[in-house]
Every structure is written in C-alpha cells, then in structure tokens.
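Structural characterization, general
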Amino acid sequence: TGTIEGDGWVIEIEDMKKPIAGMIIHIGEVVEGNPKVNDDVIASVDLARRQDIKRHHTGTHLLHAALRNTLGKHVQQRGSLVAPDRLRFDFSHDEKVSDAALSQIERDINAIILENYSVENDVKSLDEAKADGAMALFGEKYGDTVRTVIVDNGADRYSYELCGGTHVSETAEIGAFVFTGESSVSAG
C-alpha cells in the first residue's frame, strides 16, 4: 500500500496482485487529478505500515521454529495472517497447546529477539535450498529458483525457510513478542 503520484494527480494504493509471472497490478483509488497513460510517476510505500508487516512476518518464522522446538518436528504451518497490527499463525498439532508450553515458546522467541539474531535472505536453486535444510511449506508451489530467509547469530541457525516476503534485518527490530490468544479451529 502507499501512493502513486504524477503531475497533479494521486492514486492511493490499497492492494496489489500478481495475476501472472512478471506482472504486478496495483489497485487503488484516484483521490486527486486525472492520471494519463505514459505519465511519469513516483510510487511510494507506506513505510510505517510496511515496518509493522516486516516485524510480524519475521515473527511468524520465529513462532514456527519455536513451536517445532517445543512441541515437536511434526508441527507444520497451515496458514498465516501477517497484518500491520498482528500476526496469526495456523498450524497442525494433535492436542491443545498447554499454558506452560505457550509460556516457553513466548520466552524462547523473546530470547532470540533480545539476542538480536540477523535475518538474511538469499536466492538459490530449490534443490540447493532443500539440501541446505530450508523448510518448504507443504502444498506451496515453488519454481526452480527460490528465496530463502535465515535467522541466525553466526553460530546458531534458529530458522531457515523458503519465503518471498518482506522481513526485518535483525530480530531486535521486532520488539516484544506476546501471545494475545490461542484457539483451535478443529481437531488437529
């Protein structure tokens, strides 16, 4: 989201779509003037909103790793919501997560945040990423070349996943990680 501005006109961008490979469509409302084909433009991202989304997106990676570390490697992400004001993480697990486990997961994530692990991305072949141990989400379709996101401190790798989203550069940018709710959609 953000704006696209030309000479005497402004469009407020509310959404973006990628209908086919290589094409990006911005969806918005003209709030001033009359845009014309071939106008020179300046596109600006809503930076405050983007920073919030970056924090929450990296938080989903930390949460996924912490869930697997605490509950077991059988835990798999089944969906998520990354919004400016919160994140939601959907995952598979065979029983209710205990209050003690939730507290441990929250402590573990906050420890990684406080230790200020670096968050780096790289582009490599899918086969190379899998061989390096990158986690791929079941059901996702990946091309031959993928982007990986790694959270580590140089000696200890905490999270390593395939991901094309936006992320912070260091975990300390996230701030405090706090559970505000936990619920079950269905069994498992």
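Coordinates for the structure precede this section.
Criteria and thresholds
Residues numbered from 1 in each chain as written. Predicted model: local features only at pLDDT ≥ 70, side-chain atom pairs only at ≥ 80, totals over all residues. Heavy atoms only, no water. Helix = DSSP H or I, 4+ residues; strand = E, 2+ residues; numbered from the N terminus. Buried < 20%, exposed > 50% of the residue type's maximum accessible area, 1.4 Å probe, protein only. Contact = heavy atoms within 4.5 Å. Lys, Arg positive; Asp, Glu negative; His and termini not counted. Charge placed at Lys NZ, Arg CZ, Asp CG, Glu CD. Polar contact = N/O pair within 3.5 Å; in protein donor to acceptor, adjacent residues only side chain to side chain. Pairing = 2+ DSSP bridges. Salt bridge = Lys/Arg side-chain N within 4 Å of Asp/Glu carboxyl O.

1. So, the overall build of the protein chain
- Check the secondary structure of the protein chain and you find three helices and nine strands.
- In sequence order, the protein chain lays out its α and β elements as β-β-β-β-α-β-β-α-β-α-β-β.
- The principal-axis extents of the C-alpha atoms in the protein chain amount to approximately 55 × 40 × 35 Å.
- Taking all 188 residues of the protein chain together, 35% fall into the buried category.
- The contacts in the protein chain between residues at least 6 apart in sequence include a share of 60% that link residues at least 24 apart.
- Averaging the positions of the 19 positive and the 32 negative side-chain charges in the protein chain gives two centres separated by 5 Å.

2. Some words on the side chain of Glu-161
- Here Glu-161 is to be found in strand 9 (residues 157-162).
- Within the structure, the side chain of Glu-161 is placed 3.4 Å from the side chain of His-64, a separation counted as a polar contact.
- With residues up to four places along the chain from it excluded, the contact list for Glu-161 reads His-61, His-64, Gln-77, Met-135, Arg-147, Thr-148 and Val-149.

3. A look at the pairing of strand 9
- Of all six residues making up strand 9, five are buried, and the element is well covered by its neighbours.
- Between strand 8 (residues 145-152) and strand 9, which pair antiparallel in sequence order, lie four residues; one of them, Gly-154, sits at a positive phi of approximately 95 degrees.

4. A word on the pattern of salt bridges
- The tally for this structure, following the rule as stated, stands at seven salt bridges.
- One salt bridge connects Arg-55 with Asp-52, and the closest N-O pair in it is separated by 2.3 Å. Taken together, the residues Arg-55 and Asp-52, both in helix 1 (residues 47-71) and three residues apart, mark about one turn of the helix.
- In this structure, Asp-85 engages Arg-86 in a salt bridge whose closest nitrogen and oxygen atoms are separated by 3.0 Å.
- Each of Asp-122, Lys-124 and Asp-132 takes part in a single network of salt bridges with overlapping partners.

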